[in-house]
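Report on the structure
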Amino acid sequence: MVLKSIKTAFLNGELEEEIYMKQPEGFVVPGKERKVCKLVKSLYGLKQAPKQWHAKFDQTMLANGFKINECDKCVYIKNTQNHEVIDILLYVDDIILTASSDALRQSIMTMLSSEFAMKDLVPLNYFLGIVVTRHVGGLFLSQRKYAAEIIERARMSSYKSISTPVDTKPKLSAAAGVPYEDPTRYRSLVGALQYLTFTRPDITYAIQHVCLFMHDPRIEHMNALKRIIRYIQDTLDYGLHLYPSSTSTLVSYTDAYWGGCLDTRWSTSGYCMFLGNNLLSWSSKRQPTLSRSSVEAEYIGVANVISESCWIYNLLLEIHRPIQKTTLVYCDNISAIYLSENLVQHQCTKHIDMEIHFVREKVARGQVRVLHVPSRYQIADIFTKGLPRILFDDFRASLSVLGPPASTAGV
């Protein structure tokens, strides 16, 4: 994998509308001060600039034999006559490029460099604030520097660290306690912590929980936020490990905490999805409707993870890495498992939206199997509730969130 950055990316976009601007200061033509300039290409600051840049890049990729991925429009794929594959991921002006051979990679880099002014940052070691470290066992993704900046911004460097990001007590309420004197600071820290979940799924639930109170933060909410930062201080070097794997099965764990919100009694559902041994996707989210039972809450959680697995399945299919085996979904609620297999609409499910029942269709077709897992091994618990330290540490390790390997210690 290599990384390239396109210089002045937005300036490459060609405008479709007629747009005029005043003559820029220092470039005013004497005697024609009242004249305006007609723009031919986009400039930074124009509303059209991001769209036109993306359209320009699309045009270039299609002209060179690439196909735009239907599941993610920022992914481009090309197959050669020799059955070699090139994958390109674009994020604004940063490109990650992978190819089957080094010669093919060089040819694509040459093509891109001929079209756009580019900066070569090979090999991939830093992308969108995430440090990518190669080691004998695979890859290590870390945001250590970013996490340290958050601790410094919160002025909590001298605080005592703690071993878990959230306690096991009942959840916070929106109306409890005294309002926090600086809501802007609270929102700023919460927003910064959200980006940290890209490599730290172990704090996803805790961050989701404090996000619920951004509109009117209280002192208790700020104390919960400080606990998360103290936990990050204790695990500052931790990151996400990715390993080479010959297994190509999608395995998911899903869980729901029924009626956990003290204000609305809405449930919280969470899931994690593995491709082989690698954590691929995870989520912790409050459900948008009220569930009448724990079975219903769990069933909605199953529907959420199957929806995500369908997207992952189609994405991998388009980049020519298809999943051949049935997707496995592990749930610790036996009644929800029975509900996913029962094709009969009965009294207990009449009120459930029909869109949720696509789970039954996937199960009937053999594309998905919903299986039972004991609560002790339900990894998705880490995304729905506060856990005791021993259980939390066990599930965190199962997510491959660990310290750096010995070869990268101190880097």
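Each chain has its residues counted from 1, following the order in which its sequence is written. For a predicted model such as this one, the threshold for reporting local features is a pLDDT of at least 70, and the threshold for listing and counting side-chain atom pairs is 80 or more; totals across whole chains, interfaces and linings nevertheless cover every residue. For side-chain calculations, the full set of non-hydrogen atoms in the structure is used, while hydrogens and water are omitted.

Per an unreviewed UniProt entry, the protein chain carries the name Reverse transcriptase Ty1/copia-type domain-containing protein and comes from Anisodus tanguticus.

Quick look at the overall build of the protein chain
Broken down by element type, the protein chain carries 10 helices and 18 strands. For the C-alpha atoms alone, the extent of the protein chain along its principal axes is close to 75 × 60 × 50 Å. Three exposure classes are used, based on accessible area relative to the maximum for each residue type with a 1.4 Å probe and protein chains only: buried under 20%, partly exposed in between, and exposed over 50%. The burial tally for the protein chain puts 47% of its 411 residues in the buried class. Restricting the contact set of the protein chain to residue pairs at least 6 apart, pairs at least 24 apart contribute 70%. Throughout, the Shrake-Rupley method with a 1.4 Å probe supplies accessible areas, and for residues the shown protein chains are the sole cover considered. Counting only carbon and sulfur atoms, one obtains 55% of the accessible surface of the protein chain, whose full area is about 21200 Å². Starting at the N terminus, helices and strands are each numbered in turn, a helix being any DSSP run of H or I of at least four residues and a strand any DSSP run of E of at least two. The contact rule is simple, with two residues in contact once any of their heavy atoms fall within 4.5 Å.

Points about the side chain of aspartate 94
Here aspartate 94 lies in strand 7 (residues 94-99). Within the buried core, aspartate 94 has no salt-bridge partner, and the shortest N-O distance to an opposite charge, that of lysine 119, equals 9.4 Å. In terms of polar contacts, aspartate 94 uses its side chain to reach the side chain of serine 5, at 3.2 Å. With residues near it in sequence (within four places) discarded, aspartate 94 still touches Leu3, Lys4, Ser5, Leu89, Phe127 and Leu128. This count recognises Lys and Arg as positive and Asp and Glu as negative, with His and chain-terminal groups excluded. Here, a salt bridge means any side-chain nitrogen of Lys or Arg that lies within 4 Å of a carboxyl oxygen of Asp or Glu. Polar contacts, as used here, are pairs of N or O atoms within 3.5 Å; protein pairs need one atom able to donate a hydrogen and one able to accept it. Residues neighboring in sequence count only if both atoms are side-chain atoms.

Side note on the sheet that holds strand 15 (residues 278-286)
What makes two strands pair is DSSP finding at least two bridges between them. The 5 strands lie next to each other as 15-14-13-16-17, forming an open sheet whose pairing is mixed. A single partner strand is all that each edge strand has here, and the edge strands are strand 15 and strand 17 (368-372). If you compare each strand with its neighbour and ignore which way they point, the axes differ by 20 degrees on average. Bridge count for strand 16 (residues 327-331) against strand 17 is 5 bridges, and the pairing is parallel. Note on strand 17: the bridge partner recorded for cysteine 331 is histidine 372. For every element, the axis is a line fit to its C-alpha atoms; helices are fit only across the contacting stretch, and the angle between N-to-C directions ranges from 0 to 180 degrees. In the packing of helix 7 (residues 294-318) onto the sheet, the strands contacted are strand 13 (250-257), strand 14 (268-275), strand 15, strand 16 and strand 17, and the crossing angle to strand 13 comes to about 155 degrees.

Description of the pairing of strand 14
Most of strand 14 is tucked away: 7 of the 8 residues are buried. In this structure, strand 13 lies alongside strand 14, joined through 8 bridges in antiparallel fashion. Bridge pairing links leucine 250 to leucine 275 in strand 14. As paired strands, strand 14 and strand 15 are joined by 8 bridges and run antiparallel to one another. Looking at strand 15, one finds that cysteine 272 is bridged to tryptophan 282. Count of turn residues in the strand 14/strand 15 antiparallel hairpin: 2 residues, of which glycine 276 carries a positive phi of about 70 degrees.

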